[in-house]
Amino acid sequence: MSAPPAPLLRLEGIEKRYGPVHALRGADFTLYPGEVHALLGENGAGKTTLMQVADGLVRPDAGTIRVGDAERPALTPGEARRFGIGMVHQHFTGIPAFTVAENVALATGWPVSPGPLRERVRHAAEQIGLPLDPDVRTGRLSVGLKQRLEIVKAVAADARILLLDEPTAVLAPAEVAELLDVIRRFTASGGAAVLITHKLDEALAAADRVTVLRRGKVVLRALRGDLDPAGLAAAMIGGEPVVRSAASIRQQADEPAAIRAEALEVARESGYGLALRQGSLEVRPGEIVGIAAVEGNGQRELLRAVAGRVLPLRGRLQVAGPVAFIPEDRISEGLIPELSLTENVVLGSGREEPWMRGGRIDWRAAERYTAELLRAYDVVAAGPRAPASSLSGGNQQKVVIARELSRRPRVVVAENPTRGLDLRATAGVHARLREAAEAGAAVLVHSSDLDEVLELATRVLVVSRGVVAEPPSGEAASREEIGAMMLAGA
Amino acid sequence: MSGLEELTAGFLAAAVRVATPLLLAATGETVTERAGVINLGIEGMMLAGALAAALGASAAGPWTGVLVGIGAGTALALVFAAVVVGARGDQIITGTAVTLGAVGLTGMVYRQAYGTAGAGLNLPTLAALPVPGLREIPLIGPALFDQPAPTYIAIVALPIVWWCLFRTRAGLMLRATGESQAMARAAGVRTGLVRAVATLIGGAFAGLAGATLVLAQVGTFAEKMTAGRGFIAIAIVVLGRWHPAGVGLAALLFGAATALQFLFQTLGWDVPYQLFLMLPYGLTLLALAGLVGRVRPPADLGRG
Amino acid sequence: MPRRAWVIAGTAVGLGLAVLAAGLSLAGYDAGAALAALWTGAFGSWYAFTSATLVRAVPLILIGLGIALGFRAGVFNIGAEGQFYAGAIAATWVGLHVGAMPAALAISAVWSAALLAGACWVAVPVGLRMRYGVLEVISTLLLNFVAEALVSFVVQGPLQERQGIYPQSDPIALSARLPFIPGTRLHVGLFLALGCAGVLWYLFARTRWGFNLRAVGAGPRAAEVSGRIDSRRVTAQALLASGAIAGLAGGVEVTGVSYALYQNLSPGYGFTAIAVALLARLHPLGVVAAGLLFGALEAGAGAMQRDAGVPAVAVSVVEAVVLLVVVIAAAGVQRIGLVGAARARRRAA
């Protein structure tokens, strides 16, 4: 690209704090017309937050936003829309009960009369290169088609700046290529697109320009010609090498497996069809088996079946007890926010606990026990009587983990155990899981962050389209090999 | 006309007459629920509308009664909306409270206005307005075209509400609010305002339904005279799958169930009348059981 | 109860009475005389307090406990009126046939029948909810009207008094009538209500069953996933128990007060009890206090109608205002009244 014209969007010195987490530390970002701009960084680097600032969803603590001729300390979502900024989120933001056409009409303000609207939506989608049936109820669309709709909504609302948040995470490889084509066509006609991603190769393949964020700061800006993969990787990861914990945990290979599953089949939560089609695995005491999978491939059902939270339809499953389960959503599944910490500890406990006297609960004993747990797990809380809602996310997760691991489980199942936690809290959770394994538990953990799986696991299995598979090169499997398996499907 | 034909025509006419207030209330509640608000207060709003209509009609004629009735229903809906939308109060309990309050208020006002003797039957009422020509259609002519004005209003309101809900931007925003307040807000909809307006529309319809009960059906007011019709209207909305066409059919079904009573009386069959009092409720429960698994309410219904 | 709860309760009742007074003045009544009659009717004498206020508090406490039990588990039972009538019908029917039994046995039989009838009446909504997902709010509500029609039918049909003139049943056997506390018309059903409150308090505060119920009400997903509680079963149990208690209240009313079945046996106890349960913040011992308060209102309402010509139903204005104040005070907390204190709002990102 030669001498770029005036930028479409410029973010300068953006600062954002969430409590103790410093998400953005003076980040700068410039977007020129006609370019595909990759915003690269590890999970938690602040990529999404920075783009939400541009979309008006997050109000920065400091910094300026320049769009066109305007200069603002912050935008509202409405202003962002008027300046032609549209964001395609990782999660679907339409209304499932509406048809595709109705969702587009809601986003664009187009008149609702069905005939003309249908044609207009169909036309717009084809124009963009992402054909969609305007009459289909949105809830029935696949994840990929929902994303299509999000893009169509944004472009149809006259967006000139498209912010795409990890758009390839939910797509199959062929769909990824198609999406990149669409983005190129969009930028060729004068728009500009930001591709938020943590995948190096994707940035290299698609972007005209790359900005790398690390811990809320821009560490590298480069044009396509100047890019080299090693430099990018170093910029993203910084000086810290990825630690694999394999060596630190002693295997107890001679012991019988604590989890043994053969040909498990588990239904989808909606009740229709199979989420897990072929779930076979063994986990031995002392092992941490990491499950690598793209969202919605059956890993959730696998974990929940092992944890005894859903009944498999077919197959054999043997799990040694007691089982500890750390569910993904601590607010709605791990804890009851309105109840006290003691009550939340009692919630997850069985009948054999010392404070259970038949059907009676000795609350004093339970409270003493909870107080001990809070101390042992470094939970920052006013005391065992404090409601769970008064704790920070990291401390809430500590309570869940303390409750589950304090029962000396022989099996630990954890779903995204560090989602939404800062680095220190994440390290703490990892340490607890390793401790459990060292104490002889079989640990089965999934994280949607592949790097976390690689860091934590002694052995990695991939779940793709409902099938559990082991990488051919076993424990030596590389990130690329596992990534390819995740996306390939069986 | 043969005897059977006359009987059928009479039955249909009674069914439509009984269905009219239910249909009006249910039409309003459809709008309210589509915006995500379930209003158990419409029972009270109907009752308030009924008494206000009786007072208005005896003071200045039946049409004034209708207007005053609508006003009373809307005023109570304003209280409901203030608590539910303004203060984010629980919808079910607020609705129960509004109905309780309306029972108390109407009891108080009624006793003061009419004494212990009651309103009597000397209320000016809305007479049937036969539509020339159409009235002569066999069977359905008398049922649909020889009725008091509110029936026509109810019949006309149905397609209008349908059109507004499904063919206008306002309707789209209203339905979006009922499905997901968060998403609707993100799309620029002022969801609080939408819910408040939808509640007021529901209240106005409930008031009109109450006025209809007094001025076009019973001819007088009595304490607690709505006898759960507001709650039945809510069930009708569920049965009608939150769609005006379905709601019209469900209301008619109800009217028919109640009108069976008159039919049986004409035929001289000796069935305890309480059976007919139970029939609509039992029928609703059966229909709900048969239907609910397959229908989906607005996703944000009842959420603050 | 925490102090905040007292403030809310006080505000609610005070505001309710103020609105009643204002409404009465506007409608042209003598509000002062009406409120004076209200007070005298409820607390004017020992006899009024025991034989009017406490007698009316008994069903309110019982039904209020049942409703609180349901709410705690996250189910809305607005059909207590119907369950009360189902209990009353069963109690009357059994009560007519136990003349040969000793009192203790007769009363146990009648109460058991009432309890069972209440549970059966609510079993329909339970089944509809479990099998078809019908909201219990609508089904319990509709069954109120069916129950009222059923009462009207039985008192003019199978249970009508022997002469066949009045729409009411014959009086139940003497052996099934509850003894009075000497010098009053207050029957010993009061002790049953107090006992139930104690038992319920113990269940909620000290047992796994009660804790599971509260957990399901406060966070059904977490109760299932982390507590491994079958929340469908707990919900069904709570609703059944709730209906059984309301049915029992019908039995107590027949054995202790009316001795016979007739229409309008209940002046809307099933609805008033919703206000009782919510004002008490679903706390069993609070229900006793709130039940007393509303018993006084009901008692006073009767006196108001007799002495000041104000229809008794006017007091439901007070109930309405109480409900509204409590709802507004609790708003923001997802489910009404549940433990209250917590605000899930401050969630750090």
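Observations concerning the overall build of chain A
And then number 1: Broken down by element type, chain A carries 16 helices and 21 strands.
And then number 2: Its C-alpha atoms give chain A a radius of gyration of 24 Å, within 12% of the compact-globule value 23 Å for 490 residues.
And then number 3: Counting every position in chain A, which comprises 490 residues, the buried fraction comes to 47%.
And then number 4: The long-range fraction of contacts in chain A, counting pairs at least 24 apart against all pairs at least 6 apart in sequence, stands at 70%.

Concerning the sheet that holds strand β3 (residues 36-40) of chain A
Whenever strands of a sheet pair, they do so through backbone hydrogen bonds, lying parallel or antiparallel.
All names here are of chain A.
And then number 1: The strand order across the open sheet formed by 6 strands is β6-β7-β8-β3-β9-β10, and the pairing between neighbours is mixed. Where the open sheet ends on each side, the last strands, each with one partner, are β6 (85-88) and β10 (217-223). On average, each strand axis in the sheet is tilted by 20 degrees relative to the strand beside it, whichever way the strands run.
And then number 2: Note: strand β9 (residues 209-214) against β10, 6 bridges, orientation antiparallel.

Structural notes on the environment of Gly183 of chain C
And then number 1: As for its position among the elements, Gly183 of chain C is in the loop between α6 (136-154) and α7 (189-206).
And then number 2: Among the residues examined, Gly183 of chain C registers 10 C-beta atoms within 10 Å and is labelled exposed.

Some words on the pairing of strand β7 (residues 161-165) of chain A
Residues and elements named next belong to chain A.
And then number 1: Among the 5 residues that make up β7, 5 are buried, leaving the element largely enclosed by the rest of the structure.
And then number 2: Side chains Ile161, Leu163 and Asp165 project from β7 onto one buried face, and the interleaved Leu162 and Leu164 project onto a second face that is buried too.
And then number 3: Pairing between β6 and β7: 4 bridges, direction parallel. Bridge pairing links Ile85 to Ile161 in β7.

Let's talk about helix α10 (residues 229-239) of chain B
And then number 1: Here α10 of chain B lies mainly inside the structure; 11 of its 11 residues are buried.
And then number 2: Every buried residue of α10 of chain B is listed here: Arg229, Gly230, Phe231, Ile232, Ala233, Ile234, Ala235, Ile236, Val237, Val238 and Leu239 of chain B.

Brief notes about the packing of helix α3 (residues 62-86) of chain B against helix α9 (residues 191-218) of chain B
All names here are of chain B.
And then number 1: Interaxial distance between α3 and α9 falls to 7 Å at its minimum, and their mutual angle equals 145 degrees. For the pair α3 and α9, the sense of crossing is right-handed.
And then number 2: By residue class, the composition of the contact of α3 with α9 is 17 nonpolar, 11 polar and 1 charged.

Examining the interface of chain A and chain B
And then number 1: The interface is formed by 14 residues belonging to chain A together with 12 residues belonging to chain B.
And then number 2: Among the elements of the structure, α2 (77-82) and α3 (100-108) of chain A are those that each provide at least two residues to the side of chain A that touches chain B.
And then number 3: No other element matches α3 of chain A, which puts 4 residues into the side of chain A that touches chain B.
And then number 4: When the residues that make up the side of chain A that touches chain B are grouped by side-chain class, the tally is 9 nonpolar, 4 polar and 1 charged.

Notes on the interface of chain C and chain B
And then number 1: On the side of chain B, 40 residues touch chain C, which itself brings 42 residues to the contact.
And then number 2: Elements represented by at least two residues in the side of chain C that touches chain B include exactly α1 (3-26), α5 (103-132), α6, α11 (269-279) and α13 (316-330) of chain C.
And then number 3: Top contributing element to the side of chain C that touches chain B by residue count: α6 of chain C, with 11 residues.
And then number 4: Taken together, the residues that form the side of chain C that touches chain B break down as 33 nonpolar, 8 polar and 1 charged.

Thoughts on the confidence of the model for chain B
And then number 1: Counting all residues, the mean pLDDT for chain B is 89, and 96% of those residues have values of 70 or more.
And then number 2: Interface predicted TM-score (ipTM) for the complex: 0.89; the corresponding pTM is 0.85.

Quick notes on the packing of helix α6 (residues 149-167) of chain B against helix α11 (residues 244-267) of chain B
A packed helix pair is summarised by two numbers, namely the angle formed by the two axes and the spacing between the axes.
Residues and elements named next belong to chain B.
And then number 1: At a minimum axis separation of 9 Å, α6 and α11 run at an interaxial angle of 155 degrees. Considered as vectors, α6 and α11 are oriented roughly antiparallel to each other. Between α6 and α11, the contacting residues are Leu158, Val161 and Trp162 on the first element and Pro244, Ala245 and Gly248 on the second.
And then number 2: Residue composition of the contact of α6 with α11, grouped by class: 5 nonpolar, 1 polar and no charged.

As for unusual backbone geometry
Residue and element names in this part refer to chain A.
And then number 1: Look at the link from Gly321 to Pro322: it is a cis peptide, with omega at -10 degrees.
And then number 2: A positive phi angle is found at Asp158, which is not glycine, with a value near 65 degrees.
And then number 3: By secondary structure assignment, the location of Asp158 is in the loop between α5 (143-156) and β7.
And then number 4: A tally of 11 C-beta atoms within 10 Å means that Asp158 is categorised as exposed.
And then number 5: We note that Arg215 has phi near 50 degrees; this positive angle belongs to a residue other than glycine.
And then number 6: When you line up the elements, Arg215 lands in the loop between β9 and β10.

Some points on α13 of chain C
And then number 1: Over its 15 residues, α13 of chain C extends 21 Å from the first C-alpha to the last, a length consistent with the 21 Å expected when each residue adds 1.5 Å.
And then number 2: The buried fraction of α13 of chain C amounts to 15 of the 15 residues, a majority that puts the element mostly inside the structure.

Considering the environment of Gly86 of chain A
All names here are of chain A.
And then number 1: Locating Gly86 in the fold gives a position in strand β6.
And then number 2: Residue Gly86 is classed as buried on the basis of its 24 C-beta neighbours within 10 Å.
And then number 3: When residues no more than four places from it in sequence are discounted, the contact partners of Gly86 are Ala154, Val155, Ala157, Ala159 and Leu162.

Regarding the environment of Ala290 of chain C
All names here are of chain C.
And then number 1: Residue placement: Ala290 occurs in helix α12 (residues 284-308).
And then number 2: In the structure, Ala290 is positioned 164 residues away from Val126 in sequence and 28 Å away in space, judged by C-alpha atoms.
And then number 3: In contact with Ala290, other than residues within four places in its own chain, are Gly64, Val276, Leu279 and Ala280.

Calculation criteria
Residues numbered from 1 in each chain as written. Chains lettered and ligands numbered in written order. Predicted model: local features only at pLDDT ≥ 70, side-chain atom pairs only at ≥ 80, totals over all residues. Helix = DSSP H or I, 4+ residues; strand = E, 2+ residues; numbered from the N terminus. Rg over C-alpha atoms; globule rule 2.2 N^0.38 Å. Buried ≥ 20, exposed ≤ 12 C-beta atoms within 10 Å, placed from the backbone. Contact = placed C-beta atoms within 7 Å. Pairing = 2+ DSSP bridges. Axes fitted to C-alpha atoms, helices over the stretch in contact; angles between N-to-C directions. Left-handed = near helix turned anticlockwise from the far one by under 90°. Nonpolar A, V, L, I, M, F, W, Y, C, P; charged D, E, K, R; others polar. pLDDT = per-residue confidence, 0-100. Parallel < 35°, antiparallel > 145°, perpendicular 65-115°, else oblique. Expected span 1.5 Å × (residues − 1).

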